[in-house]
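Chain by chain, the residues:
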Amino acid sequence: MPESTVARFYDELADDYHLIYADWYASMRRQGEALDALIGRDHATVLDCSCGIGTQAIGLALRGHHVTGTDLSPRAAARAAREAARRNLSLRTAAADMRRLPFPGGRFDTVVCADNSLPHLTTEQDVHAALAEMRRVLRPSGLLLVSTRPYDDLLRAHPVSTPPQVHRPTDGGERTVTFQLWHWHDDGEHYDLEHFQLLPAGGDWRVQVRRTTYWALGRDRLTGLAVDAGFVDPEWRMPEETGFFQPLLVARAGA
């Protein structure tokens, strides 16, 4: 999918992204704790190369890590910085493509690419390019953490929708409902996603629809691409083990 199309999807979603969660702040803390346990050290230098509005980046900053966030969406990255500042946290952010990271080699202890961001890249060439960049900016034996949807299961089932997620503000305000429709391509691997949000509008609903495309990248295939990009000791850690909400590919930067 063209870079500009994915950026526009998240630019349009940036102001409302927190409404995907029943409680965004609780999710932020929970995800930060799960990723922190995998990092396994204090005060790591972390790049979140798909930081969005800051869910994982802020969660890790809350755990004491030195986090930099980049995202293809300028509006999302800018919001992440604002949200961190509101919590008196330091989070440097920039708009950047994960295939062309604006950092010198060997800069970070850990690179995070979470929340099914990598599968926005819909060819092996682009995924390999992104993973090679993550490898380049990691220190020797640096840690890679990539999360995706559970695509091995989804490739068998080919679901056409997701259950509705309901957000209710903690102040007792009106609900927002989010759900997705999926339209699978003939190859059985790529799918177009329609992201629906039903927003309260004076006793009625206002419907917001945004569209993007993903590649349902299975675990073995992603592992192979990571190894080709220079990572070693890859393993998949499941949500029931880590407490993170998606499967995680964990690997180390090779020599």
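Cut-offs used in this document
Residues numbered from 1 in each chain as written. Predicted model: local features only at pLDDT ≥ 70, side-chain atom pairs only at ≥ 80, totals over all residues. Heavy atoms only, no water. Helix = DSSP H or I, 4+ residues; strand = E, 2+ residues; numbered from the N terminus. Buried < 20%, exposed > 50% of the residue type's maximum accessible area, 1.4 Å probe, protein only. Lys, Arg positive; Asp, Glu negative; His and termini not counted. Salt bridge = Lys/Arg side-chain N within 4 Å of Asp/Glu carboxyl O. Polar contact = N/O pair within 3.5 Å; in protein donor to acceptor, adjacent residues only side chain to side chain. Contact = heavy atoms within 4.5 Å. Phe/Tyr/Trp six-rings, centres within 6.5 Å; stacked < 30°, edge-to-face > 60°.

**Examining the side chain of Asp115**
Tracing the backbone shows Asp115 in the loop between strand E4 (108-113) and helix H5 (124-137). We note that Asp115 is buried and unpaired, the nearest opposite charge coming from Arg149 at a distance of 7.1 Å. A polar contact of 3.1 Å, which involves the side chain of Asp115, links it to the side chain of Tyr17. Residues within four places of Asp115 in sequence aside, it is in contact with Tyr17, Tyr21, Gln56, Ser147, Phe245 and Gln246.

**A look at helix H3 (residues 55-62)**
Of all eight residues that make up H3, seven are buried, and the element is covered over most of its length. All of the buried residues in H3 are Thr55, Gln56, Ala57, Ile58, Gly59, Leu60 and Ala61. Next to the buried residues of H3 lie helix H2 (24-39), strand E1 (45-48), strand E2 (66-71), helix H4 (74-86) and E4. Looking at the residues trailing H3, positive phi occurs at Gly64, about 95°.

**Some details on the packing of aromatic side chains**
Scanning the entire structure with this criterion turns up 11 aromatic pairs. A ring pair is formed by Tyr10 and Tyr17, whose centres lie 6.5 Å apart and whose planes are at 35°; its orientation type is tilted. The same class applies to Tyr10 and to Tyr17, which are both buried. For the ring pair Phe103 and Phe108, a centre distance of 5.2 Å and an interplane angle of 90° mean the geometry is edge-to-face. Side by side, Phe103 and Phe108 carry an identical accessibility label, which is buried.

Limitation: the analysis is restricted to geometry and does not speak to function.
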